[in-house]
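Overview (structure and organization)
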Amino acid sequence: MSMYDVDALEFLTEERVRDLVAEHPTPFYVSSRSALKQKAAAFLAAFEDVPYGFTASYAMKAYPHPEIIRLFDEMGIYTDASSEYEAEEAIAAGVDPGRILLTSQQLPKDLQKTMASGIEFTATSLHQLEEYGKAFPGSDVSIRLNTGLGSGYVHRLTTGGVEVGFGIWYHKGDTRSQQIHDIIEKHKLRVKRVHLHIGTGTDPAVWGKLMEAGLDAARDFDTATHLNLGGGFKVAYMRGDAQADIGAIGEIASRMLRAFYAETGRKLHFEVEPGRWLVAEACAIVSTIIDRTDTGDEGDDFLKLDCGMGEFIRTAMYGANHPLVVVPREKQERGTSKYVVIGHCCESSDVFTVVPGKPDEIQPRLLTQADIGDYMVVEKTGAYCASMRTKGYNSFPEVAEIIID
Ligand SMILES: Cc1ncc(COP(=O)(O)O)c(C=O)c1O
């Protein structure tokens, strides 16, 4: 087996890992400012030709680190907040409230107070629309619609379609759609923005369909000046996975917006809300291999890390696989071997190597030969890792989050 069969480091080097570990006790998250900047610049470049105005908003739920929020803000990226608390954190990080759009499943506890900060609001249900209308009659509003289209890596990452309760179920002409129009009329609201988000893992063909659905809704809500298609730009975590072709997505959007203008005379401002795509590959977890065990001839070799499902839930929850890179404690040529990698909680779900999409089925992975005291880098952990960590289980302390250049 050649060393090229094993996963590789993204933005770190082996030396850098050893240096970092000398300064910081493992486990810790480490993000790279230059990798984040590169990602953001590439993303913006893909949408340069969007014809009638374009805004990318960082879905901060992916990784709400204040420095990351600020870094994107400084590059002209707005912020997508998924709760009033995220909006507050973005404001505290220095983001102008006028550049924050709140699209939350939970209505702010005090809507008047939250909106007084100057952020914009998307109603994600009829109830939210009604409450917003009562509180702010005569104002602009955004509506998040579920047009029945969904796309995700697994069901748990799909946020549109009949089986999910996010957004207002919407089909032009049906009674639900009429209810939206009724609430809007009753409170003299103006729909400024039509908002859709269908999941996480959409490819260009699906973006075309999503765009069609969004433009159809914009035909129905003729006051809309903004079309927001949410996030869901696919990231290739493992070799062989597909990465979203953002260039192709940008082209589809531009073409369809131009056609919409030719048909209706309306120039829609186009918006997207990337989370994962901007941060996933710019952050890693650095951990130490703290133990080894095996389960005999019929079983597996296990490596146990000093982190686990508390710091990183994606494998246990979705069956997601992330690249795993063994860094020998001291520089050394090594062969390879197959291991099951597990975390430090006594839970059979606390595992890093499974059959993709099947959290219950462990699958050994070919790694550089490893021993207790070596380091393990869990790669591409910028999105929905630190932000989804749990607190308190086994009373393990909270891990540090380091940002390097
Ligand atoms: C409304 C909205 N926008 C953006 C995102 C970000 O998605 P992703 O990180 O896959 O780009 C999400 C994620 O669920 C979302 O619900």
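Definitions and limits used
Residues numbered from 1 in each chain as written. Predicted model: local features only at pLDDT ≥ 70, side-chain atom pairs only at ≥ 80, totals over all residues. Buried ≥ 20, exposed ≤ 12 C-beta atoms within 10 Å, placed from the backbone. Helix = DSSP H or I, 4+ residues; strand = E, 2+ residues; numbered from the N terminus. Arc of directions from axis to C-beta. Contact = placed C-beta atoms within 7 Å. Domains from an automatic or database assignment. Pairing = 2+ DSSP bridges. Core = buried A, V, L, I, M, F, W, Y, C linked by C-beta atoms within 7 Å. Axes fitted to C-alpha atoms, helices over the stretch in contact; angles between N-to-C directions. Parallel < 35°, antiparallel > 145°, perpendicular 65-115°, else oblique. Nonpolar A, V, L, I, M, F, W, Y, C, P; charged D, E, K, R; others polar.

Moving on, we get to helix H4 (residues 84-93). Residues of H4 that are buried: Glu 84, Glu 86, Ala 87 and Ala 90. One side of H4 holds all its buried residues, which, seen down the axis, span an arc of 160 degrees. In this structure, the buried side of H4 is in contact with helix H3 (66-74), strand S3 (78-81), strand S4 (100-103) and helix H5 (111-116). At the C-terminal side of H4, Gly 94 shows a positive phi close to 110 degrees.

Here we come to the domain arrangement of the chain. Examined at the domain level, the chain breaks down into domain 1 (3-31 + 284-404) and domain 2 (33-279). A straight line from the C-alpha centre of domain 1 to that of domain 2 covers 33 Å. Residue-level contacts link 19 residues of domain 1 with 20 residues of domain 2. Residue assignment for the side of domain 1 that touches domain 2 shows that the elements contributing at least two residues are helix H11 (314-318) and strand S19 (400-404). Here the side of domain 1 that touches domain 2 takes 3 residues from S19, the largest share from any one element.

A few words on the pairing of strand S2 (residues 54-59). Where S2 meets strand S10 (residues 269-272), 3 bridges bridge the pair, whose relative direction is parallel. Each bridged residue has a counterpart across the sheet, and for Phe 54 the counterpart in S10 is Phe 270. Bridge analysis of S2 against S3 gives 3 bridges, and the strand direction is parallel. When the bridges of S3 are listed, Tyr 58 appears paired with Thr 79.

Here the focus is the environment of Tyr 237. Position of Tyr 237 among the secondary structure elements: in the loop between strand S9 (226-228) and helix H9 (246-264). Once the C-alpha coordinates of Tyr 237 and His 322 are considered, the two residues, 85 residues apart in sequence, prove to be 5.8 Å apart. In contact with Tyr 237, other than residues within four places in its own chain, are Ala 320, Asn 321, His 322 and Lys 380.

Our focus in this paragraph is the environment of Gly 148. Along the chain, Gly 148 turns up in the loop between strand S6 (140-146) and strand S7 (168-169). Assessed through the 13 C-beta atoms surrounding it within 10 Å, Gly 148 is described here as partly exposed. Spatially, the C-alpha atom of Gly 148 lies 28 Å from that of Pro 51, the residues being 97 residues apart in sequence.

Side chains that are nonpolar tend, in soluble globular proteins, to be buried together. Among the nonpolar cores identified, the biggest contains 111 residues, and Ile 100, Ile 143, Val 194, Val 279, Val 341, Met 376 and Val 377 are the most heavily contacted of them. A per-element tally of this core places helix H8 (residues 204-220) first, with 7 residues. Shared between two domains, this core holds at least three residues of each, these being domain 1 (3-31 + 284-404) and domain 2 (33-279). Discounting residues that sit within four places of it in the chain, Ile 143 has contacts with Thr 122, Ala 123, Leu 129, Ile 168, Ile 180, Val 191, Val 194 and His 195.

Below, the discussion takes up the packing of helix H6 (residues 126-135) against helix H7 (residues 175-186). It is the contact of H6 with H7, at a shortest axis distance of 9 Å, that shows an interaxial angle of 10 degrees. Compared by their axis directions, H6 and H7 come out roughly parallel. In this structure, H6 contributes Leu 126, Leu 129, Glu 130 and Gly 133 to the contact, and H7 contributes Gln 179, Ile 180, Ile 183 and Lys 186. By residue class, the composition of the contact of H6 with H7 is 4 nonpolar, 2 polar and 2 charged.

Before going further, it helps to examine the pairing of strand S12 (residues 301-305). Pairing of strand S11 (residues 283-294) with S12 involves 5 bridges; the strand directions are antiparallel. Within S12, the position partnered with Ile 289 by the bridge is Leu 305. Where S11 folds back on S12, the antiparallel hairpin that results is connected by 6 residues, among which Gly 296 adopts a positive phi of roughly 80 degrees. Across 3 bridges, S12 lies against strand S14 (residues 336-342) in parallel orientation. Counterpart to Leu 303 in the pairing with S14 is Val 341.

Backbone torsion omega between Thr 26 and Pro 27 reads 0 degrees, so that peptide bond is classified as cis. Residue placement: Pro 27 occurs in the loop between helix H1 (14-23) and strand S1 (28-32). Unusually for a residue other than glycine, Asn 394 sits at a positive phi of about 60 degrees. Of note, Asn 394 is situated in the loop between strand S18 (375-378) and S19. Look at Asn 394 and you get partly exposed, because 13 C-beta atoms sit within 10 Å.

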